[in-house]
Amino acid sequence: MAVSFSLSPEQRRLVAIARRFAEEELRPLADEVRAEPDPLRRALLARPTFEKAVGAGFLKGLIPVPFGGTAGSGVDAAILVEEWAAQSPDFVISMAGPLIALMPVYQVGTPEQIRRFVAPFLADSGAPVAAMAFSEPDGSVNFDAPPPAEGIRTTAVLDGDQWVVNGRKQWASHLPGWDGDGPDVMTIVCRAPGGVSLVVAEREHLAGHIEVEEYLDLPGLTGCLTARIALHDVRVPRDNLLGAEGQGGELTRNAFFASGASIGTFATAAMRQAFAVAHRFATTQTRGGGVPIIAHQSVADVFADAKGRIEAVRLLSWRALDAVLSGDPAGPELALHSKVFGSETAVDVINDLVKVVGVTAYDRAFPLVRHLNEALAYPVIEGSNIGLRRRQLQAMLAAPGYDPLAASGLA
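K.L.:
I tried to follow empty space enclosed by the protein on my own but got confused; where do I start?
P.N.:
One way to see where empty space is left: roll a probe the size of a water molecule over the atoms. Summed over all chains, the structure comprises 1 cavity of 30 Å³ or more. Taken together, the elements giving at least two residues each to the lining of the largest cavity come down to α1 (9-35), α2 (39-44) and α5 (89-95). Of the residues forming the lining of the largest cavity, the biggest block, 3 residues, is contributed by α5. The class makeup of the residues in the lining of the largest cavity is 7 nonpolar, 3 polar and 2 charged.

K.L.:
Any chance you could explain the side chain of Glu25 here in plain terms?
P.N.:
Tracing the backbone shows Glu25 in helix α1. Within the structure, the side chain of Glu25 is placed 3.2 Å from the side chain of Lys52, a separation counted as a polar contact. Residues contacting Glu25, with those up to four places away along its chain left out, are Thr49 and Lys52.

K.L.:
What am I meant to see in the packing of α1 against helix α4 (residues 74-85) here?
P.N.:
For any two helices packed against each other, the geometry is given by the interaxial angle and the distance between the axes. Relative orientation of the contacting elements α1 and α4 amounts to 25 degrees, with a least axis distance of 8 Å. Here α1 lies roughly parallel to α4, going by the angle between them. Crossing handedness for the pair α1 and α4: right-handed. Contacts between α1 and α4 involve Gln11, Leu14, Val15, Ala18, Arg19, Phe21, Ala22 and Leu26 on the former and, on the latter, Val75, Asp76, Ile79, Leu80, Glu83 and Trp84.

K.L.:
Which parts of the structure should I look at to understand the pattern of salt bridges?
P.N.:
A side chain of one charge can pair with a side chain of the opposite charge when the charged atoms of the two come close. Taken as a whole and assessed by the stated rule, the structure comprises 29 salt bridges. Ionic pairing is found between Glu82 and Arg272, a salt bridge with its closest N-O pair at 3.0 Å. With Glu82 in helix α4 and Arg272 in helix α10 (residues 248-284), the pair connects residues that are 190 residues apart, well separated along the chain. Here Glu213 makes a salt bridge to Arg168, at a shortest N to O gap of 2.9 Å. Remark: Arg168 occurs in strand β3 (residues 162-170) and Glu213 occurs in strand β6 (residues 210-215); sequence separation between them is 45 residues. Among the charged side chains, a network of salt bridges with common partners joins Arg19, Glu82, Glu83, Arg272, Lys307, Glu311 and Arg314.

K.L.:
Looking at this structure, how should I read the pairing of strand β1 (residues 130-133)?
P.N.:
Each regular strand carries side chains that alternate between the two faces of the sheet. Residues Ala130 and Met132 point to one face of β1 and Ala131 and Ala133 to the other, with burial holding for every one of them. Where β1 meets strand β4 (residues 185-192), 4 bridges bridge the pair, whose relative direction is parallel. In the strand pairing of β4, Ala131 is matched with Met186.

Here is what the cut-offs are and how they apply
- Residues numbered from 1 in each chain as written.
- Predicted model: local features only at pLDDT ≥ 70, side-chain atom pairs only at ≥ 80, totals over all residues.
- Heavy atoms only, no water.
- 1 Å grid on protein atoms, 1.4 Å probe; cavity = no way out; pocket = protein on both sides within 12 Å on 5 of 7 lines; lining within 4 Å.
- Points joined across faces, edges and corners; volume = space filled by probe spheres on them.
- Helix = DSSP H or I, 4+ residues; strand = E, 2+ residues; numbered from the N terminus.
- Nonpolar A, V, L, I, M, F, W, Y, C, P; charged D, E, K, R; others polar.
- Polar contact = N/O pair within 3.5 Å; in protein donor to acceptor, adjacent residues only side chain to side chain.
- Contact = heavy atoms within 4.5 Å.
- Axes fitted to C-alpha atoms, helices over the stretch in contact; angles between N-to-C directions.
- Parallel < 35°, antiparallel > 145°, perpendicular 65-115°, else oblique.
- Left-handed = near helix turned anticlockwise from the far one by under 90°.
- Salt bridge = Lys/Arg side-chain N within 4 Å of Asp/Glu carboxyl O.
- Buried < 20%, exposed > 50% of the residue type's maximum accessible area, 1.4 Å probe, protein only.
- Pairing = 2+ DSSP bridges.

These results come straight from atomic positions and should not be treated as a statement about function.
Listed below in structure tokens is the structure:
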């Protein structure tokens, strides 16, 4: 099949549908979120919009077709993420929980596990949420480190035919669920007797066993329901173990490739919005001079460089998401480049645009610095670039037989 960079008619329709929902539903939500000072109350503002998205079939669009959903290609996913994240990236992150939490289920789940764990997200109503309970308050980049290192601290111990889970988790959106009794599905990275493992807890197991220690007040992505929680004697059926004991390290790393690839698209959305704000400013403001400031070469150069980098990150993230979701062997490497290059490029591009606008951009009322606050999150969420993602790239580059042309498809 020939490579084409033109969107199909169906993808054009997806752009229109996603953009209309973003402008009609997510833009007003984002305004409400920015006006609400309390982190819990502003996160809960998203629930009615979440229910509309579920009713419109968008949640099913996150579930692959073989498992009952309607998910299309990686490019389709990137289109949806960019259009929505341009207005409310925190909403997209909150809704995309199943994308990570269910990835190990698809990979190693039994037919019965797949049926049971995926079912809540095939609904046509309500606001089902999922969480990948990986990160911990004291850090998780060395989660699978062997003793004497601590590694992951959350434990799962067998008691008859149940796992008893205890520990603390942080950062994953919707760890407490909407009401503090947990999400519909929580995939828990824990240390079992056989090593790092994944155990799935359903809402019925979590209710009454979650202590919300703090709802976090973030400088960007402020609408995400982000908390630090403690799990107290969460009892989960023995059959809710995914794969085998000790397989959790591999499954966890694999689960975060799709989300890592998507960070390039989130970065694109932030740069796209920041570019539009700064360009409008530069083409209409003279700042006391005789011409709009974009007529100055130094200013125009910033915009030219920014636009090229936006287009580069967009295409990289499209390719990365498509490769990961289609099972292309190049997916893991491309996902890491999308995450690292995309996130760090966004910080640089938006910071340059802030400097073009000048001190006016440092006013909260001016719609630019909030995109920088969003971009600052992207190098550290979904696996921090320095602590985790660059280490993964190092391992790939150092592996025997690494082919530099393989990810490009030119090997």
